[in-house]
Amino acid sequence: TLFPYTTLFRSAAFLHGHPQGSSLSLEEVTKIEQLLSMVVVGGGPTSVMFASELTDFIARDVTKMYPQLKEHIAVHLVEWASCTVNTHRPDKALRSYARSRLAKKSGVRIHQSEIDQVTQSSLLLKNGNVLPYGTLLWNAGHKAVPLVESLVGARVGAMVEAMGSRSKWPQR
């Protein structure tokens, strides 16, 4: 599932059991915030739009159903595309536009850093920040493996040559 509904319901039930004004221990608050923290990794248009839609869903639906969770839910976008050498990507303008729209929304935090380590419950960034999470969506580093790339290339090359043009893809 894209959203941890069981975590949401458990957290809401737990907080519902604590009347307004009663205090939660620091350990309880930390665990709830970790479980309700969603991290989206990737700086492309798809990742940015997913984080945007997730933020809208939380603001529009979740906080109305479970207002006691509002202060504990967090969405993080970890975007390292701007940290890499390849800054001349064809989707740069689209990514920039989507990111600027996302930055205007409340409830989302944007991190521009490479990732140093991933554990079962947290993400350690190269800049030293640690992002605990309950849900991690990894949408970065998509590339076909060499075998698939060669098969697709050979097929495309054969089709282009069959139409009478010269292909840049090697025949296999």
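As shown above, the structure is provided for reference.
Small disclaimer: the values here were computed from a predicted structure and weren't measured.

K.L.:
Could you give an account of the pairing of strand 2 (residues 74-78), with specific residues and numbers?
P.N.:
Most of strand 2 sits inside the fold, with 5 of its 5 residues counted as buried. Taking every second residue as pointing to the same face, both faces of strand 2 are buried, with A74, H76 and V78 on one and V75 and L77 on the other. Note: strand 1 (residues 37-41) against strand 2, 5 bridges, orientation parallel. Directly across from V40, in strand 2, lies its bridge partner L77.

K.L.:
Report on the nonpolar core, specifying residues and quantitative values.
P.N.:
Within the largest apolar cluster, 17 residues are counted, with the highest numbers of intra-cluster contacts made by A51, I58, I73, V75, L77 and L102. For this core, the elements supplying multiple residues, two or more each, are strand 1, helix 3 (45-65), strand 2 and helix 4 (92-103). Sequence-distant contacts of L77, that is, excluding residues within four places in its chain, are made with V40, G42, S47, V48, A51, L102, R109, I110 and H111. Membership of the second largest hydrophobic core comes to 9 residues, among which are V78, L125, L131 and A140.

K.L.:
Summarise the pattern of salt bridges; cite the residues concerned and give the values.
P.N.:
In total, this model carries 3 salt bridges according to the counting rule given. Here D56 and K105 are joined by a salt bridge, their closest N and O atoms 2.6 Å apart. Here D56, found in helix 3, pairs with K105, found in the loop between helix 4 and strand 3 (108-111); they are 49 residues apart in sequence, far enough to count as distant. Between K126 and D116 there is a salt bridge whose closest N-O contact spans 3.8 Å. One end of the pair, K126, is in the loop between strand 5 (122-125) and strand 6 (130-132); the other, D116, is in strand 4 (residues 115-118), and 10 residues separate them in sequence.

K.L.:
Account for the sheet that holds strand 7 (residues 135-138), naming residues and giving values.
P.N.:
In space, the 4 strands of this open sheet follow the order 3-2-1-7, with parallel pairing throughout. Unpaired on one side and paired on the other, strand 3 and strand 7 mark the two borders of the sheet. Here the average twist between neighbouring strands, direction ignored, is 15°. Across the sheet, helix 3 is in contact with strand 1, strand 2, strand 3 and strand 7; its angle to strand 2 comes to roughly 175°.

K.L.:
Residues and numbers for the environment of T55, please.
P.N.:
Looking at the element boundaries, T55 is found in helix 3. Taking the relative accessible area as the measure of exposure, T55 reaches 6% and is therefore buried. Remark: the alpha-carbon pair of T55 and V75, spanning 20 residues in sequence, is separated by 6.9 Å. Not counting the four nearest positions on each side in its chain, T55 is found in contact with V75, L102, K105, S106, G107 and V108.

About the cut-offs
Residues numbered from 1 in each chain as written. Predicted model: local features only at pLDDT ≥ 70, side-chain atom pairs only at ≥ 80, totals over all residues. Heavy atoms only, no water. Buried < 20%, exposed > 50% of the residue type's maximum accessible area, 1.4 Å probe, protein only. Helix = DSSP H or I, 4+ residues; strand = E, 2+ residues; numbered from the N terminus. Pairing = 2+ DSSP bridges. Core = buried A, V, L, I, M, F, W, Y, C linked by side-chain atoms within 4.5 Å. Contact = heavy atoms within 4.5 Å. Salt bridge = Lys/Arg side-chain N within 4 Å of Asp/Glu carboxyl O. Axes fitted to C-alpha atoms, helices over the stretch in contact; angles between N-to-C directions.

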